[in-house]
Amino acid sequence: MAKYRVVIVIPALNEASTIAGVVDAVRKYGAPILVDDGSTDNTAELAQKFGAHIIVHEKNIGYDAALNSGFKKAVEMGAQIIITVDADGQHEPSLIQKFINAIDLGADVVVGIRSYRQRFAEHLFAWYTRLRFGLTDPLCGMKAYRADIYKAQGYFDSYGSIGTELTIFAAKKGYRIDQIKFDLRERRGVSRFGKAFNANCKIIRAILLSIFKLR
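These notes cover the structure that comes with them. (Residues numbered from 1 in each chain as written. Predicted model: local features only at pLDDT ≥ 70, side-chain atom pairs only at ≥ 80, totals over all residues. Heavy atoms only, no water.)

**Some points on the packing of helix α5 (residues 120-133) against helix α7 (residues 165-172)**
A pair of packed helices is captured by two measures, namely the crossing angle of their axes and the spacing between those axes.
Step number 1: At their nearest, the axes of α5 and α7 sit 11 Å apart, and the two run at 20 degrees to each other. Regarding the angle of α5 to α7, the classification is roughly parallel. As for how α5 packs across α7, the hand of that crossing is left-handed. Across from Phe-125, Thr-129 and Phe-133 in α5, the residues of α7 making contact are Ile-168, Ala-171 and Lys-172.
Step number 2: Considering only residue class, the contact of α5 with α7 consists of four nonpolar, one polar and one charged. (Axes fitted to C-alpha atoms, helices over the stretch in contact; angles between N-to-C directions. Helix = DSSP H or I, 4+ residues; strand = E, 2+ residues; numbered from the N terminus. Parallel < 35°, antiparallel > 145°, perpendicular 65-115°, else oblique. Left-handed = near helix turned anticlockwise from the far one by under 90°. Contact = heavy atoms within 4.5 Å. Nonpolar A, V, L, I, M, F, W, Y, C, P; charged D, E, K, R; others polar.)

Below is the structure:
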């Protein structure tokens with residue numbers, strides 16, 4: 001299998017309206033992996049047409065499970081740097097180079113800081129991680145990791161952390177974490193967090209499990 005220094009993992013569920021543009025834009029920075037988590041539209045077909053490696057979950061098993069699949073594949077492809085990007089087009093692709101540069105300058109993990117957060121529970125999670133670890137926006141979907149961090153833990157997620165467990169693991173172990181502010185684009189379609197009440201419940205659950213796991 002070909003070796004790729006930078007691999008970009010894109011979890012997606014029914015993102016046919018945006019995925020082609022996202023894949024086309026990010027592939028100049030690394031090899032894109034599209035993890036289609038049970039889509040009922042043509043998300044996977046469009047992503048493949050624009051050059052993504054494809055992983056398909058026959059049914060929807062969740063955001064963290066999609067990232068688990070993507071990270072495993074990225075390591076199989078020889079990635080040294082693994083970057084996560086949302087499929088909805090909210091992340092400016094040119095930011096990827098800044099994340100790569102930060103890793104090259106010594107960071108082990110790079111976490112994006114969005115220009116705004118929509119939900120009460122997101123602010124609560126950010127308050128907890130900022131107080132405990134200095135992490136301003138743990139739920140931002142745009143992050144970069146040295147592959148060695150993933151290998152050290154052995155998985156991306158084990159409890160439905162909404163994409164935060166590996167970052168918190170790195171913080172707990174004293175790895176260097178850089179943070180990059182950026183303006184969040186307007187989203188098209190349904191958020192990966194789901195509707196407001198369910199989203200807040202999921203995030204609060206993730207906070208509580210994070211606290212329990214870190215005892």
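**Section: the sheet that holds strand β6 (residues 143-146)**
Step number 1: One open sheet holds the seven strands; their spatial order is β3-β2-β1-β4-β6-β5-β7, and the pairing between them is mixed. With one partner strand each, in any of the chains shown, β3 (53-57) and β7 (177-182) form the two edges of the open sheet. Averaged over all pairs of adjacent strands, the angle between strand axes in this sheet comes to 20 degrees, irrespective of strand direction.
Step number 2: Looking at chain direction, strand β4 (residues 81-84) and β6 are connected through four bridges and run antiparallel. What sits directly across from Thr-84, in β6, is Lys-143.
Step number 3: The strands that helix α4 (residues 95-104) touches are β1 (6-12), β4, β5 (109-114), β6 and β7; relative to β5, the one it contacts most, it runs at about 145 degrees. (Pairing = 2+ DSSP bridges.)

**Points about unusual backbone geometry**
Step number 1: The backbone of Asn-14 shows a phi angle near 55 degrees, a positive value even though the residue is not glycine.
Step number 2: Here Asn-14 is to be found in the loop between β1 and α1 (19-26).
Step number 3: Positive phi is not limited to glycine here, since Ile-162 has a value of about 55 degrees.
Step number 4: As for its position among the elements, Ile-162 is in the loop between α6 (147-153) and α7.

**A short note on the environment of Gly-163**
Step number 1: With respect to the helices and strands, the residue Gly-163 is situated in the loop between α6 and α7.
Step number 2: As a C-alpha pair, Gly-163 and Lys-143 span 20 residues in sequence and 9.4 Å in three-dimensional space.
Step number 3: Not counting chain neighbours up to four residues away, the residues in contact with Gly-163 comprise Tyr-63, Asp-64, Leu-67, Pro-138, Lys-143, Tyr-145 and Phe-156.

**Considerations on the side chain of Arg-117**
Step number 1: Along the chain, Arg-117 falls in the loop between β5 and α5.
Step number 2: Buried within the structure, Arg-117 lacks any salt-bridge partner; Asp-137 is the closest side chain of opposite charge, at an N-O distance of 4.1 Å.
Step number 3: Arg-117 has contacts with Glu-122, His-123, Ala-126, Arg-130, Thr-136 and Asp-137, leaving out every residue within four places of it along the chain. (Buried < 20%, exposed > 50% of the residue type's maximum accessible area, 1.4 Å probe, protein only. Lys, Arg positive; Asp, Glu negative; His and termini not counted. Salt bridge = Lys/Arg side-chain N within 4 Å of Asp/Glu carboxyl O.)

**Here we look at the pairing of β1**
Step number 1: Counting buried positions over the seven residues of β1 gives seven, a clear majority of the element.
Step number 2: Across the two faces of β1 the burial is the same, with Val-6, Ile-8, Ile-10 and Ala-12 and Val-7, Val-9 and Pro-11 all buried.
Step number 3: Across four bridges, β1 lies against β4 in parallel orientation. The residue of β4 that forms the bridge with Val-6 is Ile-81.
Step number 4: Alignment of β1 against strand β2 (residues 31-37), held across six bridges, turns out to be parallel. Note on β2: the bridge partner recorded for Val-9 is Ile-33.
Step number 5: Tracing the backbone out of β1, into α1 and back to the parallel element β2 gives a crossover that is right-handed. (Right-handed = clockwise from strand over helix to strand, strands pointing away.)

**Things to note about the pairing of β2**
Step number 1: β2 sits mainly inside the fold: seven of its seven residues count as buried.
Step number 2: Residues Ala-31, Ile-33, Val-35 and Asp-37 line one face of β2 and the alternating positions Pro-32, Leu-34 and Asp-36 line the opposite face, and both faces are buried.
Step number 3: Relative to β3, β2 runs parallel, the two sharing five bridges. Looking across to β3, one finds that Asp-36 is bridged to Val-56.
Step number 4: Of the crossover connections in this fold, the one passing from β2 over helix α2 (residues 43-49) to the parallel β3 is right-handed.

**A word on α7**
Step number 1: Where burial is concerned, most of α7 is hidden: seven out of the eight residues are buried.
Step number 2: Restricting attention to buried positions, one finds in α7 the residues Glu-165, Leu-166, Thr-167, Ile-168, Phe-169, Ala-170 and Ala-171.
Step number 3: Looking one or two residues past α7, Gly-174 carries a phi angle of roughly 85 degrees, positive in sign.

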